[in-house]
There are 2 protein chains.
Amino acid sequence: MSRPSDLIQGTLDLLVLKTISLEPQHGWAIAKRIQQVSHEVLQVTQGALYPALHRLEQQAWIAGEWRPTETGREAKFYRLTKAGRRQLEKELAHWDRLSSAVGLVIRMV
Amino acid sequence: MSRPSDLIQGTLDLLVLKTISLEPQHGWAIAKRIQQVSHEVLQVTQGALYPALHRLEQQAWIAGEWRPTETGREAKFYRLTKAGRRQLEKELAHWDRLSSAVGLVIRMV
DNA sequence: CATCCTTATGTAATTAACTTAGGCATGGAT
DNA sequence: ATCCATGCCTAAGTTAATTACATAAGGATG
């Protein structure tokens with residue numbers, strides 16, 4: 001399965017922003033959460049995840065901070081910034097708009 | 001206008017396959033159709049369209065044939081092949097699966 | 001204590017699908 | 001005579017993925 005893709009291109013930022021909007025999480029936990037909530041449909045690989053986090057941090061939509069997890073290990077926890085919250089709203093609207101449009105096309109008769 | 005992308009990456013094949021599944025169309029008309037049905041939300045630029053058509057033709061999911069349009073001009077009409085119809089079903093299922101999964105994540109509380 | 005699995009973060013090389021920005025040609029309207 | 005809409009096409013550049021690594025700490029097992 002080299003191509004049936006486990007993500008819709010361009011939605012990873014949205015998924016990450018949404019996930020940490022509920023509560024700050026470290027990268028590994030974000031990926032696990034997305035997979036779990038999507039019933040293992042969405043697979044967030046490390047090669048996609050970490051570059052995405054750095055991307056978002058550079059945009060100042062999220063902010064990272066090292067602190068220990070519940071199990072006592074150091075991990076980088078990310079939280080949404082105010083700009084990130086605005087960005088999340090934007091991306092939600094954009095997704096709704098475009099995915100609805102796709103829906104119109106694929107259901108046309 | 002809307003620079004946050006006028007297409008969801010990876011959905012163009014699906015949109016094209018669906019469009020010509022209803023009736024064979026030439027490239028220009030396919031693009032117009034998708035835009036019109038999506039209420040101008042989806043913008044299919046030529047730089048995306050023609051490579052996509054060639055891609056699909058190479059996969060033998062669509063077959064092209066030159067013939068005149070209603071207005072008397074030559075254009076390349078594409079129709080779905082049998083393999084293309086199977087591919088369309090696959091891509092529809094894939095889209096439903098993934099977009100639903102995105103829905104689960106962005107609506108989680 | 002050696003080894004292995006899980007957690008956890010990261011990078012590098014490659015690939016695919018886009019965007020942007022053109023070119024070319026024909027037919028109809030002004 | 002010129003311009004616009006139709007219609008096909010390509011090339012360069014961008015970006016976000018995939019694939020495949022590297023690294024390290026903690027916990028469990030033999």
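Please refer to the structure placed before this passage.
We now turn to the structure provided with this report. Residue positions within a chain follow its written sequence, with the count starting from 1. To read the labels, note that chains go from A and ligands from 1, taken in the order they are written. With pLDDT at 70 or above as the cut-off, local features in this predicted model cover only qualifying residues; side-chain atom pairs require 80 or more to be listed or tallied, and sums for whole chains, interfaces and linings still use all residues.

In this analysis a residue is considered near a molecule or strand if the C-beta atom, reconstructed from its backbone, is found within 6 Å of that molecule or strand. Close to DNA strand C lie 30 residues, the nearest being His26(A), Gly27(A), Trp28(A), Ala75(A) and Gly47(B). Residue assignment for the surface near DNA strand C shows that the elements contributing at least two residues are helix H2 (27-37), helix H3 (46-58) and strand S3 (74-80) of chain A together with helix H3 (46-58) of chain B. In terms of residue class, the surface near DNA strand C is built from 10 nonpolar, 14 polar and 6 charged. Helical segments are the DSSP runs of H or I of at least four residues, strand segments are the runs of E of at least two, and each set is numbered from the N terminus. Residues are sorted three ways: Asp, Glu, Lys and Arg are charged, Ala, Val, Leu, Ile, Met, Phe, Trp, Tyr, Cys and Pro are nonpolar, and all the rest, Gly among them, are polar.

Moving on to the interface of chain B and chain A. Each residue gets a C-beta atom placed from its backbone, and two residues are in contact if those atoms lie within 7 Å. Counting residues at the interface gives 26 residues for chain B and 26 residues for chain A. Across the side of chain B that touches chain A, the residue classes tally to 17 nonpolar, 7 polar and 2 charged.

To continue, consider the environment of Leu17(A). All names here are of chain A. Looking at where Leu17 falls in the secondary structure, it is placed in helix H1 (residues 12-22). Exposed residues have 12 or fewer other C-beta atoms within 10 Å of their own C-beta, buried residues have 20 or more, and partly exposed residues fall in between, where C-beta atoms are placed from the backbone. Residue Leu17 is classed as buried on the basis of its C-beta count, with 24 C-beta atoms lying within 10 Å. As for Leu17 and Arg33, which are separated by 16 residues in sequence, their C-alpha atoms are 12 Å apart. Contact partners of Leu17, with chain neighbours within four places excluded, come to Trp61, Leu80, Gly84, Gln87, Leu88 and Glu91.

To line up the copies, we fit them by least squares on C-alpha atoms, keeping just the residues with pLDDT of at least 70 in both. With an axial shift of 0.0 Å and an RMSD of 0.0 Å, the rotation relating chain B to chain A amounts to 180°. Those values place the two copies in the arrangement expected of a two-fold rotation axis. Distance from the rotation axis, computed per C-alpha, reaches its smallest value in chain B at Gln9(B): 2.7 Å. In this assembly, 100% of the residues forming the interface of chain B have copies in chain A that are likewise at the interface, indicating an isologous arrangement.

Before going further, it helps to spend a moment on the sheet that holds strand S2 (residues 62-68) of chain B. All names here are of chain B. Overall, antiparallel pairing links the 3 strands, which are arranged S1-S3-S2 in an open sheet. Looking along the sheet, the strands with just one partner apiece sit at the ends: strand S1 (25-26) and S2. Here helix H1 (residues 12-22) sits on the sheet in contact with S1, S2 and strand S3 (74-80), set at roughly 95° to S3. By this definition, two strands are paired if DSSP reports at least two bridges between them. Lines fitted to the C-alpha atoms define the axes, with helices restricted to the stretch that makes contact. Angles between their N-to-C directions range from 0 to 180 degrees.

With that settled, the discussion passes to the protein's contact with DNA strand D. Around DNA strand D, 31 residues are found, and the nearest of them are Gly47(A), His26(B), Gly27(B), Trp28(B) and Gln46(B). Contributing elements (two or more residues each) for the surface near DNA strand D: H3 of chain A together with helix H2 (27-37), H3 and S3 of chain B. A total of 6 residues in the surface near DNA strand D trace back to one element, the largest contributor, which is H3(B). Tallied by class, residues from the surface near DNA strand D come to 10 nonpolar, 16 polar and 5 charged.

Backbone geometry at Glu40(A) places phi at a positive 65°, although glycine is not the residue there. Its location among the elements puts Glu40(A) in the loop between H2 and H3. Unlike most non-glycine residues, His39(B) shows phi in positive territory, near 55°. As for its position among the elements, His39(B) is in the loop between H2 and H3.

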